Amino acid sequence: MLAIGTKRTMAANHTELLGLGVGAILAISAAPMHAQAHEPSADTLKAEARTLAKIISGDKHKSQTYCKIVELNDQIDEKEDPIDARKLKKKRDKLEEKLGRKYIALVAGVMNIDRDSRDYRAIASILEPLDKLCTAIKNQHRRRTREEHRRRVPGE
């Protein structure tokens, strides 16, 4: 009698687990559709890009953080070792958190746009002044480093 009761309980548990498994599969398969339904439009992304470009360019610390992110992205693209790339991505992710959720949402939204599309190019052109700002910051840093080096090394 005990064995039969155990089998019935096991069968009931098995059926319950199957139900949970089917529910999990449905939830997982529905997630991409849910995500697509909540993807921001290209116009929304352009507006966010304009807002963030103003905020970042107007704040020295945010500008420096943005430029570090750009630099890390370049380094990630060059890395052949996936472990090194993963370490750099973690650093980049921490810096992105400093720029806030809106920045992270913008990056995520832009990643879902075809790079050859007009919308992608429009967003890139909105962010282009930030990239120019990074170039200016980098050049300023190089000049400062050269000047400091000249002061330290006599006879140059």
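Note that the structure is predicted; figures quoted are calculated from it, not measured.

Asks: Looking at this structure, how should I read helix α3 (residues 60-78)?
Replies: In an α-helix there are 3.6 residues to a turn, and that puts residues three or four apart on one side. Over its 19 residues, α3 runs 27 Å from end to end, which matches the ideal 27 Å to within 8%, given 1.5 Å per residue. Among the residues of α3, those classed as buried are Ser63, Thr65, Tyr66, Cys67, Ile69, Leu72 and Ile76. Measuring from the backbone nitrogen of His61 back to the side-chain oxygen at the start of α3 gives 2.9 Å, which picks out Asp59 as the cap.

Asks: Can you walk me through the packing of helix α4 (residues 82-99) against helix α5 (residues 101-111) in this structure?
Replies: When two helices pack together, you describe them by how their axes are tilted relative to each other and by the distance separating the axes. Contact geometry of α4 with α5 gives a least axis separation of 5 Å together with a crossing angle of 120°. Our classification of the angle between α4 and α5 gives oblique. Residues Glu96, Glu97 and Leu99 of α4 pack against Tyr103, Ile104 and Val107 of α5. In terms of residue class, the contact of α4 with α5 is built from 4 nonpolar, no polar and 2 charged.

Asks: Is there a simple way to explain the packing of aromatic side chains in this structure?
Replies: Two aromatic rings, taken as a pair, are described by how far apart their centres are and by the angle between their planes. Using the criterion set out here, one finds 1 aromatic pair in the structure. Measuring from centroid to centroid gives 6.3 Å for Tyr66 and Tyr103, while their planes differ by 85°, and the two rings are edge-to-face. Of this pair, Tyr66 sits in helix α3 while Tyr103 sits in helix α5, and the two are 37 residues apart along the sequence. Just as Tyr66 is buried, Tyr103 falls in that class too.

Asks: Teacher, can you tell me more about helix α2 (residues 42-57) here?
Replies: Between its terminal C-alpha atoms α2 stretches 22 Å, which fits the 22 Å expected from 16 residues at 1.5 Å a residue. Listed as buried for α2 are Ala42, Leu45, Lys46, Ala49, Leu52, Ala53 and Ile56. The buried residues of α2 occupy an angular sector of 135° when the element is viewed end-on, so they sit on one face. With respect to the buried face of α2, the exposed residues turned more than 90 degrees away are Asp43 and Lys54. Of the surrounding secondary structure, the elements contacted by the buried residues of α2 are α3, α4, α5 and α6 (118-152).

Conventions and cut-offs
Residue numbers restart at each chain and count upward from 1, following the sequence in its written direction. Only residues with pLDDT of at least 70 get local features here, since the model is predicted, and only at 80 or more are side-chain atom pairs given and counted; chain-wide, interface and lining totals rely on the full set of residues. Computation of side-chain values covers all heavy atoms of the structure but excludes hydrogens and water. To qualify as a helix, a DSSP run of H or I must reach at least 4 residues; to qualify as a strand, a run of E must reach at least 2; elements of each kind are numbered from the N terminus. What a helix is expected to span follows from its residue count: subtract one and scale by 1.5 Å. Note on exposure labels: buried denotes an accessible area under 20% of the residue type's maximum, exposed denotes more than 50%, and partly exposed covers the range between, all computed with a 1.4 Å probe on protein chains only. Residues adjacent in sequence count toward polar contacts only when both atoms are side-chain atoms; beyond that, a polar contact is any pair of N or O atoms within 3.5 Å, and within protein one must be able to donate a hydrogen and the other to accept it. Angles run from 0 to 180 degrees between N-to-C directions of axes, and those axes are lines fitted to C-alpha atoms, restricted for helices to the stretch in contact. Small angles under 35 degrees read as roughly parallel and large ones over 145 as roughly antiparallel, with 65 to 115 read as roughly perpendicular and the rest as oblique. Only heavy atoms matter for contacts: two residues are in contact if any of them lie within 4.5 Å across the pair. For this classification, the nonpolar set comprises Ala, Val, Leu, Ile, Met, Phe, Trp, Tyr, Cys and Pro, the charged set comprises Asp, Glu, Lys and Arg, and every other residue, Gly included, is treated as polar. Each aromatic pair joins two rings of Phe, Tyr and Trp (for Trp, the six-membered one) with centres within 6.5 Å, and gets the label stacked for planes under 30 degrees apart, edge-to-face for over 60, and tilted for any other angle. When we speak of the arc, we mean the arc of directions from the helix axis to the C-beta atoms.

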